[in-house]
Amino acid sequence: MSDSSPAPVPAPDSARPAVVLDVWCELQCPDCRTALTDLRALRERYGDRLEPRLRHFPLEKHRHAFAAAQAAEEAAEQGRGWPYVEAVLARVEELDRGGEPFLVEVARELGLDAEEFDTALVDGRHILIVDADQAEGKAIGVTGTPTYVIGGERLDGGKSQEGLRERVEEIADRLLAGQG
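What this report covers is the structure whose coordinates are included nearby.

Rules used in this analysis
- Residues numbered from 1 in each chain as written.
- Predicted model: local features only at pLDDT ≥ 70, side-chain atom pairs only at ≥ 80, totals over all residues.
- Heavy atoms only, no water.
- Pairing = 2+ DSSP bridges.
- Helix = DSSP H or I, 4+ residues; strand = E, 2+ residues; numbered from the N terminus.
- Salt bridge = Lys/Arg side-chain N within 4 Å of Asp/Glu carboxyl O.
- Buried < 20%, exposed > 50% of the residue type's maximum accessible area, 1.4 Å probe, protein only.
- Phe/Tyr/Trp six-rings, centres within 6.5 Å; stacked < 30°, edge-to-face > 60°.
- Lys NZ or Arg CZ within 6 Å of the ring centre and 35° of its normal.
- Core = buried A, V, L, I, M, F, W, Y, C linked by side-chain atoms within 4.5 Å.
- Contact = heavy atoms within 4.5 Å.
- Arc of directions from axis to C-beta.

1. Here's the deal with the pairing of strand E4 (residues 153-156)
Here is step 1 of the chain: Note that strand E3 (residues 147-150) and E4 share four bridges and pair antiparallel. What sits directly across from tyrosine 148, in E4, is leucine 155.

This is how it looks when you write it as C-alpha cells:
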C-alpha cells in the first residue's frame, strides 16, 4: 500500500507533515496480527500526526502470503486497505486453509468488489508493488515480520514485540518535537 494510502491530513492547528511509520508486514503472520494492537494504540495516540504505511514482506514459509499482499493492494485501490489488512490478519488460520478464495470472501464481506479482487489476483496487477516492497525490505535488512522503520531506525518485531510500541513512541515524539 505504498502509494495507495490516503494522504495524511494535517491537524487544523498545524501544517506539520505526519511522521511516517513503515510497517513491514505479512498477512499470514500471527505476530503481525498481534502487532495490530500496538498499531491501533499508536493511531489513537497520534491520530493524523503518524502515518502508518503497510509495506509487504511475504515470507516463503507462508504459501498464501504473496497473494494476500496483492489482495491488500487491491483493497487499498478500492479505498479500504487497512480495514482489509486487519480483517485478514484477524483470521490468519482461515487464510492458511482457504487461500485465494478466502481473500476474495473477505473482500466481499467488507463490501468491496470481489470480482475485481479475483481478477487482480489472476492478472497480477499488483505484483510489482509487492516485489518492490520485498526488495526494499531485504535491502534495509528486514528478515522477518513485523518490522518497523521510523525516522530511519529499524525495529524488528519478528523476534520480539516486547517494548516496541514504547520505542516507536519515543522516536515519534522526538521527530514530532523536532518539527516544532
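Here the narrative resumes, following the displayed structure.
2. Some details on the pattern of salt bridges
Pairs may arise between side chains of opposite charge once their charged atoms sit close together.
Here is step 1 of the chain: Applying the stated rule across the entire model yields 20 salt bridges.
Here is step 2 of the chain: A salt bridge links arginine 45 to glutamate 169, with the shortest nitrogen-to-oxygen separation between them at 3.0 Å. With arginine 45 in helix H1 (residues 30-46) and glutamate 169 in helix H7 (residues 164-179), this pair connects stretches of sequence that are 124 residues apart.
Here is step 3 of the chain: Overall, the relative accessible area of 41% leaves arginine 45 in the partly exposed class.
Here is step 4 of the chain: Residue glutamate 169 is classed as buried on the basis of its relative accessible area, which comes to 14%.
Here is step 5 of the chain: A salt bridge links glutamate 105 to arginine 108; its shortest N-O distance comes to 3.1 Å. In this pair, glutamate 105 and arginine 108 both sit in helix H4 (residues 92-109), three residues apart, roughly one turn of the helix.

3. Quick word on the packing of aromatic side chains
In this description, an aromatic ring pair is defined by two values, namely the gap between the centres and the angle between the planes.
Here is step 1 of the chain: Counted according to the given criterion, the structure contains one aromatic pair.
Here is step 2 of the chain: The ring centre of tryptophan 82 lies 4.6 Å from the NZ or CZ of arginine 43, which sits over that ring.

4. Concerning the nonpolar core
Here is step 1 of the chain: With 44 residues, the main nonpolar core has Leu21, Tyr84, Leu103 and Ile150 as its most contacted residues.
Here is step 2 of the chain: In terms of residue count, H4 provides more of this core than any other element does, seven residues in total.
Here is step 3 of the chain: Ignoring any residue separated from it by four or fewer positions in sequence, one finds isoleucine 150 in contact with Val19, Val20, Leu21, Leu50, Leu155, Val168, Ile171, Ala172 and Leu175.
Here is step 4 of the chain: Grouped together as the second largest cluster of nonpolar side chains are five residues, Trp24, Leu59, Val142 and Val149 included.

5. Describing helix H5 (residues 114-123)
Here is step 1 of the chain: Among the residues of H5, Ala114, Phe117, Ala120 and Leu121 are the ones counted as buried. All buried residues of H5 project into a common sector of 115° when viewed along the axis, lining one side. Exposed side of H5, more than 90 degrees from the buried face: Glu115 and Val122 are the residues found there.
Here is step 2 of the chain: Those residues of H5 hidden inside the fold are in contact with helix H2 (65-77), helix H3 (81-89) and H4.
Here is step 3 of the chain: A positive phi of about 70° marks glycine 124, the residue just after H5.

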